[in-house]
Amino acid sequence: MKSFIAALLFAVIAAVAVAMLLNTVQRPSSVAFTTSGARVGDPGHNLTGPV
Amino acid sequence: MSKTISSLKAVCAAVLLLAFALPASAQLSFKPTAQAVHEDQLLNALKEGDKITGRVSIPDAMASSLIQPAGREWRDFQRHKLPIIGGVVLLGTLALLAIFFAVRGRIPLEHGFSGVKLLRFASYERFIHWLTATCFIILGLSGLNISFGRALILPLFGAEAFASMTAWGKLAHNYLAFPFMFGVAVMFLVWIKDNFPNRLDWRWIREGGGLLRNGKHPPATRFNTGQKGMFWIVVVFGALMSVSGWFLLFPYLPANVTTLQFWTIIHAVIAMLFIAAIFGHIYIGTIGMEGAFDAMGTGEVDLNWAKEHHSIWAEEQQGHAPSPAGAPRAMPAE
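These lines cover the structure that appears in this document, whether it is placed above or below. (Residues numbered from 1 in each chain as written. Chains lettered and ligands numbered in written order. Predicted model: local features only at pLDDT ≥ 70, side-chain atom pairs only at ≥ 80, totals over all residues. Heavy atoms only, no water.)

### Considerations on the overall build of chain B
A count of helical and extended segments in chain B gives 13 helices and five strands. Across the 334 residues of chain B, 37% fall into the buried class. In chain B, 75% of the contacts between residues at least 6 apart in sequence involve partners at least 24 apart. Summing over all exposed atoms, chain B offers an accessible surface of approximately 19600 Å²; the carbon and sulfur share of this is 69%. (Helix = DSSP H or I, 4+ residues; strand = E, 2+ residues; numbered from the N terminus. Buried < 20%, exposed > 50% of the residue type's maximum accessible area, 1.4 Å probe, protein only. Contact = heavy atoms within 4.5 Å. Areas by Shrake-Rupley, 256 points an atom, 1.4 Å probe, with all protein chains shown as cover.)

### Topic: a nonpolar patch on the surface
All names here are of chain A. On the surface, Met 1, Ile 5, Leu 8, Leu 9 and Ile 13 cluster together to form a nonpolar patch covering roughly 510 Å² of accessible area. Within the secondary structure, Ile 5 sits in helix H1 (residues 2-25). Looking at Ile 5, the relative accessible area reads 40%, which means it is partly exposed. (Patch = residues over 30% accessible without salt bridge, like charges linked within 9 Å, V, L, I, M, F, W, Y side chains within 5 Å. Salt bridge = Lys/Arg side-chain N within 4 Å of Asp/Glu carboxyl O.)

### Remarks on the pattern of salt bridges
Residue and element names in this part refer to chain B. On inspection of all chains with the given rule, the structure shows six salt bridges over all chains. A salt bridge links Lys 81 to Asp 76; the nearest nitrogen and oxygen atoms lie 2.6 Å apart. For Asp 76, a relative accessible area of 28% gives the class partly exposed. Residue Lys 193 pairs with Asp 194 through a salt bridge whose shortest N-O separation is 3.6 Å. Accessibility expressed as a relative area gives 59% for Lys 193, which makes it exposed. Because the salt bridges share partners, they merge into one network encompassing Glu 125, Lys 193, Asp 194 and Arg 222.

### Regarding the interface of chain B and chain A
Taken together, the contact between chain B and chain A spans 19 residues of the former and 19 residues of the latter. Interface of chain B and chain A: buried area, both sides summed, is about 1600 Å²; carbon and sulfur atoms make up 80% of it. At the junction of chain B with chain A, the criterion picks out zero salt bridges. The element that contributes the greatest number of residues to the side of chain B that touches chain A is helix H5 (residues 123-152) of chain B, accounting for seven residues. For the side of chain B that touches chain A, a count of residues per class yields 13 nonpolar, four polar and two charged. (Buried area = accessible area lost by both parts, 1.4 Å probe. Nonpolar A, V, L, I, M, F, W, Y, C, P; charged D, E, K, R; others polar.)

Right, dumping it as structure tokens:
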């Protein structure tokens, strides 16, 4: 049972850690793909754009 | 007279109109504008591998693909063929397991519990198993929701609940993929030494692993042929799911859209087969065989269970007792 609980905790902690890491390393598409010649709008949380 | 002149003008006008109208109607038998804008004809005119591309100034080069007919086949597969294939594989596996259980019943421990325990899996082995297993279950459920949720769950819970559930499932799927990949890699390193095929495997296969009737148990080392098969399924399918999933997580890594579509299909098809295989694993580890769950539950199995299903391993463990802490050893039940 201890192994099971430890595995659950590790999975959650690892997932959160990866999410934080990726959010630090990666940039939103609206920032990453904006150049001097093209501005990409911020889609927000909905990838199809503002409702 | 004037009436005659008017009639003559009318006839001339009609002749002239006819004279110009005929070539015009002949030209209009081919209507380039009307046909060119017809999307289906345009797409059908493109051969396999063709695509219409443009020029973009943003760093995402894949955005330059405007029309790619192969995308329709991919969409058709994802929306229509995959749910059918997946449904048949998953429901078929469950049906086969149910029939097997109805016919064979729970495989009993023929000589009963001896009360003597053998440590089968150390705590770190159980940890890595449950880490991979719990991640797999969440990944599997959230993945199945992508294929079947719209048809099965949306009508039950409504659009808002389904949208929230799917969004959270997507987040869980994206990030629990990492501990899952870690778990598969560690399991591979920890257990590969016990999972190479040997001469006993052929005998195990010929005797049906002792699963088909009572009183017959082919000898096996730490892992029998069925368990070795499951190990390699997890390793190979896990690797394929990891590579394909990596491309889905980072969709700008593949060279083009076609490659990305290829990996999405690999991801989806292997997922269905993987889940079906794990159905079998869960079955035999829980209700299918008496005493089997203890191996991953407490880490200890009964000596009689070990003798019946892993006779060579049981003899090795008894011969080595008492062993150093952390290593498999025989111990009395508490």
